[in-house]
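Breakdown of the fold
What follows is the residue order along each chain.
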Amino acid sequence: MPPTNRSLLMRANRLLGAQLVEHNLVKIEDLEKANERLLEVIGSDLPRQTTVLGILAFEHKVVREEDILAHVVDHERIGLIDLAHFEIEDEIKSKIDIGAAWATWSVLIDKEEDVTSIATAYYLSPAVRKYWEGEIDGQVLWFGTTMESIAELLESLAQSAGTAES
């Protein structure tokens, strides 16, 4: 993973973890353990595993991803999307930075005039929102989605482009 994406990944995960604790979705002790595990897997070159949310939800089982998505819908007023049932236009696919998408667990999915739609599993991370809003000309329309949905899309894009996942 390039240093720029590694820095983005670290900020995205650190600030997501802080928000999960602040919103009482996880305990600080659980986050500390997940952060330790994240540091172990960052060098593995396995983007699917470099996620504090994945560690908390699927390895340590201290939070359910569904609960986080429900929180985002209820408190942040964003919609949800299942990327398996969404067709991304080729023009948009060609603009997706797969490394940044893995680092932020977010992906560009549509653009209409000056509004760009982004699906994310990391909406609660201010670093993720700031990064993408800085990359996009115009307004951003956010949608929550699962990590699995993001991962499948990014793996498919990487495979069709004949590139590595990061």
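Quick summary incoming for the structure in this document. Counting of residues starts from 1 at the beginning of each chain's written sequence and follows it residue by residue. Owing to the predicted nature of the model, reporting of local features is limited to residues with pLDDT of at least 70; listing and counting of side-chain atom pairs is limited to 80 or more, with chain, interface and lining totals taken over all residues. Only hydrogens and water are set aside when side-chain values are computed; all heavy atoms of the structure are taken into account.

So, on to a negative patch on the surface. The grouping of Glu-89, Asp-90, Glu-112, Glu-113 and Asp-114 at the surface amounts to a negative patch. The numbering of helices and of strands both runs from the N terminus, where a helix is a DSSP run of H or I of at least 4 residues and a strand a run of E of at least 2. Examined against the element boundaries, Glu-89 turns out to sit in the loop between strand E1 (79–80) and helix H5 (90–93). Of the residues examined, Glu-89 reaches a relative accessible area of 46% and is grouped as partly exposed. Each patch is built from residues lacking any salt bridge and having more than 30% relative accessible area; the joining distance is 9 Å for like charges and 5 Å for nonpolar side chains (Val, Leu, Ile, Met, Phe, Trp, Tyr). To measure how exposed things are, a 1.4 Å probe is used in the Shrake-Rupley method; for residues, cover is taken only from the protein chains shown. Salt bridge, as used here, is a side-chain nitrogen of Lys or Arg placed within 4 Å of a carboxyl oxygen of Asp or Glu. We score Asp and Glu as negative and Lys and Arg as positive, and we do not count His or the chain ends. The location of each charge is read from NZ of Lys, CZ of Arg, CG of Asp or CD of Glu. Note on classification: 1.4 Å probe, protein chains only; a residue is buried when its accessible area is under 20% of the maximum for its type, exposed when over 50%, partly exposed between these limits.

Right, let's talk about unusual backbone geometry for a bit. A negative phi holds for most residues other than glycine; trans holds for most peptide bonds. In this structure, Asn-24 is a non-glycine residue whose phi angle is positive, near 60°. Relative to the helices and strands, Asn-24 resides in the loop between helix H1 (3–22) and helix H2 (28–41). The exposure class of Asn-24 is exposed, given its relative accessible area of 68%. In this structure, Lys-61 takes a positive phi of about 55° despite not being glycine. One can find Lys-61 in the loop between helix H3 (52–59) and helix H4 (65–76). A relative accessible area of 64% places Lys-61 in the exposed class.

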